Amino acid sequence: MEENVKVAIRVRPFSDRERLRNASCVVTMIDKMTVLYDPANSKRDPRQYTFDYSYWSHDGYWERGDGYLESTSPSYVDQRKVFDDIGAEMLQNAWKGYNCSLFAYGQTGSGKSYTMMGFGTNKGIIPIMCDELFSSIETKKRSASLDQEFQVSVSMLEIYNEQVRDLLNLSLHVRGGLKVRQHPTKGFYVESLTSHAVYSQADIESRIVEGTRNRTLASTNMNSTSR
C-alpha cells in the first residue's frame, strides 16, 4: 500500500436553487491544486490547497440518452474516473489483506451521496466496487483450490445524535445505542451489529436499499431529501 491516507476534493454542478440565485463559482482547479476566490473581495489573494486528487465535475459534460453524464471537456471528471483513482486501489489493497475505509465529508447537499452511491446509470464508488469485487471473485474461483472459499458479508449502521443503530436489524433495541468496542487483535468493532451474507451485487444493492430506507430522515433547507 503506497500511502496510508489519500484525500480528494470534488466540485459538483450548481443546484437548481443556486442557479435561481445566479450563483457564481469561486473555485478553480489546476491538476492537484484547488484554488478558492473570495467573492466579496476580488483583490484578495486566492487560497491554494493541494490534495491527492482535485476533481472538477462542475461543468464540461452532457447527459447521454441513458442518463449518464459524459465528459465534453478534458477537465471534467466522471464517476468512473473517481472509482479508477480511489475505489480500484482500495479494492486491490483489500485483496492484499488490508483494512480499508472510505469517508465522504461535506455539508448537506455537497454531493457526498452522488459520489459514493451515484444515481441511475451514474454509479458511484460503492456500486462499482461491488461489481468489481464479484467479478474478481469469479475470476479467482477458476484457479482456486478446493479448500479455498470466498465469503462476502454486509453490515450497515448509522450514527445519529451520538447513538449507533443497526440499519439492517431495527428489531434490535439497545438503550443508548450499540456500543463501539476495541478488540486486542481485530481492532474496533460495533457490538451486536448484524452481518448478512451476500452473493452478488444485486444482494448488496438490496441490503443498501433496505438500510437506506431505515435511516433517520433529517430534512434541511439545503437538501430536502438529505439523510
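Residues numbered from 1 in each chain as written. Predicted model: local features only at pLDDT ≥ 70, side-chain atom pairs only at ≥ 80, totals over all residues. Heavy atoms only, no water.

Enquirer: Would you mind showing me how to read the layout of surface pockets here?
Expert: Empty space left among the atoms is revealed by rolling a probe the size of a water molecule over them. As a volume, the second largest pocket reaches approximately 260 Å³. Along the wall of the second largest pocket there are 14 residues; nearest its centre are Asp31, Ser54, Trp56, Ser75 and Val77. Elements supplying a minimum of two residues to the lining of the second largest pocket: strand E2 (27–30), strand E5 (53–56) and helix H2 (79–95). A class-by-class count of the residues in the lining of the second largest pocket yields 7 nonpolar, 2 polar and 5 charged. (1 Å grid on protein atoms, 1.4 Å probe; cavity = no way out; pocket = protein on both sides within 12 Å on 5 of 7 lines; lining within 4 Å. Points joined across faces, edges and corners; volume = space filled by probe spheres on them. Helix = DSSP H or I, 4+ residues; strand = E, 2+ residues; numbered from the N terminus. Nonpolar A, V, L, I, M, F, W, Y, C, P; charged D, E, K, R; others polar.)

Enquirer: Would you mind going over unusual backbone geometry with me for this structure?
Expert: In terms of backbone geometry, most residues other than glycine have negative phi values and most peptide bonds are trans. Here Asn161, not a glycine, exhibits a phi torsion of approximately 55°, which is positive. By the secondary structure assignment, Asn161 is in the loop between strand E11 (157–160) and strand E12 (163–166). The phi angle at Ser192 is positive, at roughly 75°, despite the residue not being glycine. Relative to the elements of secondary structure, Ser192 occurs in the loop between strand E14 (187–190) and strand E15 (196–198).

Enquirer: Could you clarify how one ought to interpret the side chain of Thr34 in this entry?
Expert: Among the secondary structure elements, Thr34 is positioned in strand E3 (residues 33–36). Engagement of the side chain of Thr34 in a polar contact is seen with the side chain of Ser54, the distance being 2.9 Å. Ignoring any residue separated from it by four or fewer positions in sequence, one finds Thr34 in contact with Ile9, Val27, Thr28, Met29, Arg47, Gln48, Tyr49, Phe51 and Ser54. (Polar contact = N/O pair within 3.5 Å; in protein donor to acceptor, adjacent residues only side chain to side chain. Contact = heavy atoms within 4.5 Å.)

Enquirer: What is the right way to read the packing of helix H4 (residues 125–141) against helix H5 (residues 201–213) from this model?
Expert: In a packed pair of helices, the relevant descriptors are the angle between the two axes and the axis-to-axis distance. Running from amino to carboxyl end, H4 crosses H5 at an angle of 150°, the nearest separation of the two axes being 9 Å. When the interaxial angle is binned, H4 and H5 end up roughly antiparallel. When you trace H4 past H5, the crossing you get is right-handed. Here Ile126, Pro127, Cys130, Asp131 and Phe134 of H4 lie close against H5, whose contacting residues are Gln201, Ile204 and Ile208. When grouped by side-chain class, the residues that make up the contact of H4 with H5 number 6 nonpolar, 1 polar and 1 charged. (Axes fitted to C-alpha atoms, helices over the stretch in contact; angles between N-to-C directions. Parallel < 35°, antiparallel > 145°, perpendicular 65-115°, else oblique. Left-handed = near helix turned anticlockwise from the far one by under 90°.)

Enquirer: Explain H5 here, please?
Expert: One full turn of an α-helix is made of 3.6 residues, so residues set three or four places apart face in the same direction. Counted at 1.5 Å a residue, the expected span for H5 with its 13 residues is 18 Å, and the 18 Å between its end C-alpha atoms agrees. Three or more residues of H5 are buried, namely Gln201, Ile204, Ile208 and Gly211. The buried side chains of H5 occupy one side of the element, clustering within an arc of 90° when seen end-on. Turned more than 90 degrees off the buried face of H5, the exposed positions are Ala202 and Arg213. Those residues of H5 hidden inside the fold are in contact with H4, strand E10 (152–154) and E15. (Expected span 1.5 Å × (residues − 1). Buried < 20%, exposed > 50% of the residue type's maximum accessible area, 1.4 Å probe, protein only. Arc of directions from axis to C-beta.)

Enquirer: Would you mind going over the packing of aromatic side chains with me for this structure?
Expert: Aromatic rings considered in pairs are described by the distance between their centres and by the relative angle of their planes. Here the structure, examined in full by the defined rule, presents 3 aromatic pairs. Each ring, one from Tyr53 and one from Tyr55, has its centre 5.6 Å from the other, and the planes form 10°; the classification is stacked. Side by side, Tyr53 and Tyr55 carry an identical accessibility label, which is buried. Just above the ring of Trp95 sits the side chain of Lys140; from NZ or CZ to the centre is 4.6 Å. (Phe/Tyr/Trp six-rings, centres within 6.5 Å; stacked < 30°, edge-to-face > 60°. Lys NZ or Arg CZ within 6 Å of the ring centre and 35° of its normal.)

Enquirer: Help me understand the packing of H2 against H4, please; the structure alone is not making it clear to me.
Expert: At a closest axis distance of 9 Å, the pairing of H2 and H4 adopts a crossing angle of 45°. The orientation of H2 with respect to H4, classified from their angle, is oblique. As for the relative orientation of H2 and H4, their crossing is right-handed in sense. Here H2 contributes Gln79, Arg80, Val82, Phe83, Gly87, Met90, Leu91 and Trp95 to the contact with H4, which in turn contributes Ile125, Ile128, Met129, Glu132, Leu133, Ser136, Ile137 and Lys140. Of the residues in the contact of H2 with H4, the class split is 10 nonpolar, 3 polar and 3 charged.

Enquirer: Please clarify how the environment of Arg215 should be interpreted in this entry.
Expert: Topologically, Arg215 is positioned in the segment after H5. In this structure, the C-alpha to C-alpha distance between Arg215 and Asn93, residues 122 residues apart in sequence, is 29 Å.

Enquirer: Explain the pattern of salt bridges to me, please; I cannot follow it from the model alone.
Expert: It is possible for side chains bearing opposite charge to pair when their charged atoms get close. In total, this model carries 14 salt bridges according to the counting rule given. Of the charged contacts in the structure, one is a salt bridge between Glu18 and Arg12, with a shortest N-O distance of 2.9 Å. We note a salt bridge from Lys123 to Asp131, for which the minimum N-O separation is 2.9 Å. Its relative accessible area of 36% is what places Lys123 among the partly exposed residues. Under the relative-accessibility criterion, Asp131 is labelled partly exposed at 29%. Among the charged side chains, a network of salt bridges with common partners joins Arg64, Asp66 and Glu70. (Salt bridge = Lys/Arg side-chain N within 4 Å of Asp/Glu carboxyl O.)

Coordinates in, geometry out; function isn't part of it.
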